[in-house]
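Analysis of the macromolecular model
Now for the letters of each chain:
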Amino acid sequence: MISLPTYFIHISDTHIGPTKDYRRHGFASYPCAQKMVDIINAFPHRPDFVIHTGDVVTNPHDDSYKLAAELFDQLDVPIYFATGNHDTAKDIRKFLKMGPKTDLMDDELVYRFDVNGERFLVIDGRADDTLDPHGNISEPQLEILRRECSAEGPPLTIFLHYPLWPINSTWFDSHMMVINAAELHDVFLQARNRLRGVFHGHIHMPLQMVKDGISYTCAPSTFAQFAAWPGATQPAFVPDAPGYAFVQLVGDQTIVRQHTFEREEFSDEDTAERTLPQAVGFREPIRKVVPDPTKTE
Ligand SMILES: [Fe+2]
């Protein structure tokens, strides 16, 4: 059987504030998130869905989530969210619409969904505030993940907010990782033969890492990127552009294309008129590969 190609856009760390002119670390987050939405809506190939791997907002404040909800409602494809350390699962459930899914826990935001025979699993790594900004996977959640990540099953792609493994930068390695990463990685290893990859955010940079044959990919933030050089003992930012990844699941290949876009700034002169990205082939349905039973090759 030839499986259908599946496309998704991976975005992360939008850090929307309570007002559109909110700035974090000197960068305006909302205008960049708006541009990201415009880019997705004009994307040359319509993605099957968008995954946002967390830090939708900076503070779990109703006004921030309402702004985020208004913004992501503009998307004309389904979107899914993972809980970031700046989010709460409760707020994401309350304010943000997601595509069809099967919830696996009531309190933590853990769920799965299927598209074109592909399985997607979203994990909630938010730790207690005392451990923040580290991530942690609760024991009840690990139990569920052990069942979901069995050796047999459809091709599997996993999303969470946090990286598991050190990135060789002192401050990040001692503050930003999943504390029980080894246990979680062991769960992933059960499914290694069907695991397409693990996608995360949190460290605001395009980054790829392979461990024990499992690919871990971080999407850049849609508004500001961290510097995390070897030996750095404090977090800092670099002026690198906002970005996202276009991920293609084609046959047995997982193709990750990371893109950047020009930073948008908010100013008082801003009007409601936005320059929309040029649509190329927009609205054309993706041509699905369907095997022709009359052909033998
Ligand atoms: Fe984060």
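Conventions used here
Residues numbered from 1 in each chain as written. Predicted model: local features only at pLDDT ≥ 70, side-chain atom pairs only at ≥ 80, totals over all residues. Core = buried A, V, L, I, M, F, W, Y, C linked by C-beta atoms within 7 Å. Buried ≥ 20, exposed ≤ 12 C-beta atoms within 10 Å, placed from the backbone. Helix = DSSP H or I, 4+ residues; strand = E, 2+ residues; numbered from the N terminus. Contact = placed C-beta atoms within 7 Å. Arc of directions from axis to C-beta. Pairing = 2+ DSSP bridges.

1. Some remarks on the nonpolar core
Ranked by size, the top nonpolar core spans 66 residues in total, and within it A68, V122, I123, I158, F159 and F188 carry the most contacts. The dominant element in this core, judged by the number of residues it contributes, is helix 1 (residues 30-41), at six residues. Beyond its immediate stretch of four places on either side in the chain, A68 contacts I16, V56, V57, F95 and L96.

2. So, helix 2 (residues 62-72)
Listing the buried residues of helix 2 in full gives S64, Y65, L67, A68 and F72. Along helix 2, the residues classed as buried sweep out an arc of 160 degrees about the axis, all on the same side. Facing away from the buried side of helix 2 by over 90 degrees, the exposed positions are D62 and E70. Along its buried surface, helix 2 packs onto helix 1, strand 5 (79-81) and helix 3 (89-95).

3. A closer look at unusual backbone geometry
For the bond from D132 to P133, the omega torsion is 10 degrees, close enough to zero to count as cis. Structurally, P133 is set in the loop between strand 8 (118-122) and helix 4 (139-148). The backbone of H25 sits at a positive phi, close to 55 degrees, despite the residue not being glycine. Summarising the element assignment, H25 is placed in the loop between strand 2 (23-24) and strand 3 (27-28). Although it is not a glycine, N168 adopts a positive phi angle of roughly 65 degrees.

4. Description of the pairing of strand 7 (residues 111-115)
Across a regular strand the side chains alternate sides, sitting on one face of the sheet and then on the other. Pairing geometry for strand 6 (residues 102-103) and strand 7, over two bridges, is antiparallel. Following the sheet pairing, D103 is matched in strand 7 by Y111. Direction of pairing for strand 7 relative to strand 8: antiparallel, over a ladder of five bridges. From the neighbouring strand, Y111 faces strand 8, where its bridge partner is V122. Here strand 7 folds back onto strand 8, and the loop between the two strands holds two residues, one of which, N116, carries a positive phi near 50 degrees.

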